[in-house]
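Results of the structural survey
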Amino acid sequence: MRNLFSYLYIGLLILGVICVAIATYLWRQHSPTDAGPFAVAAFVCFALGIRNFTSIKGLSYTLWIFAAVIAAMFYPATFQSYGSFEFKTLIVPLLQLIMFGMGTAMSLQDFAGVIKMPKGVLIGVLCQFTIMPFVGLAIAQGFGFAPEIAAGIILVGSSPSGLASNVMSFIAKANLALSVTLTAVATALAPIMTPFLMQQLAGQYVPIDFLAMMWSTTKIVIIPIVAGLLFNHFLSGKAKWLDNAMPLVSMVSIAIIITIITAAGREDLLKIGGLLILACLMHNLLGYVLGYGACKVMGMDQKSCRTIALEVGLQNAGLASGLALTMGKLATVGLAPAIFGPMMNITGSGLATWWRGREPID
């Protein structure tokens, strides 16, 4: 039976390659509409097929995201509205659901870690809210993007880290306790720091209403997380079905959000997609490099250096997307977060896996 399933997975990968070939042929024949289903099917086959390979099956979710993004690029109207209902109105509720799930996975002990690891938390928070915002500004200026696209890059850099950094720290054999504490503290500071940084760095590109953004961040992040913390405190273990369901719900919600943003910003993506992908990749990689380097200079141990590098490089792109929506600029400011999210999962998982095979040496 096991061999039968192995052949099935290999068959799916072969089918995926065939779909790529057909999609490429149809595209070259100037039949993009006909190529669309085959392009989507290719990534669906790849996402299913690699589940049989332990070393790369973690990329399955990212491949599902690619399939959804390709579908949104080929058929944007399908993912923009249904009748009079606009799908973008789902983004904030979905983000709140994700943040509630994040809260259920946290406890007040995560914040108490500040007392146990004050140096690591201080350095981590400083790196989080300095490196990525200013690197984002430099990249936005260097590439000469249109104002609202540039603001989106800075918005990604001004956002806190998310749960992805905790997962990657665990894989990388980093300081998981420090990672969880940093995520908690950075998230708590986000309603102040994100609007402040946006006002100072992105105000030259788009108008920034500090109080409005502070309330949006609080509404999207803090209130749901507090609700999740209360749920975890009073009902921990009493609703195991919810504990088991929340990771899947969060993953599906992120995929939906990215698909909606891609559909909304399709025209701009067709114009600057390649450059924006390169800019987001640079932003992401420089976060790892500079975060790690800054910690080494400050004498941090190897595990903590890995942790802070991941905390800096992996941003809460979902929050950035939600804020772009509340600004009324989802199709432009929201593009960088939509690209940054899937990309950081690929690079982050690769870096974490590479570190996992190398024991920390101090």
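In this report, the structure presented in the accompanying data block is examined.

Criteria and thresholds
Residues numbered from 1 in each chain as written. Predicted model: local features only at pLDDT ≥ 70, side-chain atom pairs only at ≥ 80, totals over all residues. Heavy atoms only, no water. Axes fitted to C-alpha atoms, helices over the stretch in contact; angles between N-to-C directions. Helix = DSSP H or I, 4+ residues; strand = E, 2+ residues; numbered from the N terminus. Parallel < 35°, antiparallel > 145°, perpendicular 65-115°, else oblique. Left-handed = near helix turned anticlockwise from the far one by under 90°. Contact = heavy atoms within 4.5 Å. Salt bridge = Lys/Arg side-chain N within 4 Å of Asp/Glu carboxyl O. 1 Å grid on protein atoms, 1.4 Å probe; cavity = no way out; pocket = protein on both sides within 12 Å on 5 of 7 lines; lining within 4 Å. Points joined across faces, edges and corners; volume = space filled by probe spheres on them. Nonpolar A, V, L, I, M, F, W, Y, C, P; charged D, E, K, R; others polar.

1. A look at the packing of helix α4 (residues 91-104) against helix α11 (residues 210-235)
One can describe the packing of α4 onto α11 by two numbers: an axis separation of 7 Å at closest approach and a directional angle of 40°. Between α4 and α11, the angle falls in the class oblique. In terms of crossing hand, the pair formed by α4 and α11 is right-handed. Contacts from Val92, Leu95, Gln96, Met99, Phe100, Met102, Gly103 and Thr104 in α4 reach Lys219, Ile220, Val221, Pro224, Ile225, Ala227, Gly228, Leu229, Phe231 and Asn232 in α11.

2. Some details on the pattern of salt bridges
Tallied over the full model, the rule gives three salt bridges. Across the pair Glu86 and Lys88 runs a salt bridge whose closest N-O atoms are separated by 3.7 Å. Here Lys329 makes a salt bridge to Glu148, at a shortest N to O gap of 3.1 Å. One end of the pair, Lys329, is in the loop between α15 (317-326) and α16 (335-356); the other, Glu148, is in helix α8 (residues 147-158), with 181 residues separating them in the sequence.

3. Quick word on empty space enclosed by the protein
Regions of empty space are outlined by a rolling probe, equal in size to a water molecule, passed over the atoms. The full count for this structure, using the stated rule, is one cavity of 30 Å³ or more. Considered as a void within the structure, the largest cavity measures approximately 30 Å³ in volume. As for the largest cavity, its lining consists of Gly124, Val125, Gln128, Leu182, Ala186, Glu311 and Val312. Breaking the lining of the largest cavity down by element, the ones donating at least two residues are α6 (118-128), α10 (176-202) and α14 (302-313). Per-element accounting of the lining of the largest cavity gives the leading share, three residues, to α6. Looking at the lining of the largest cavity residue by residue, the class counts come to four nonpolar, two polar and one charged.

The quantities given are spatial measurements derived from coordinates; they are silent on function.
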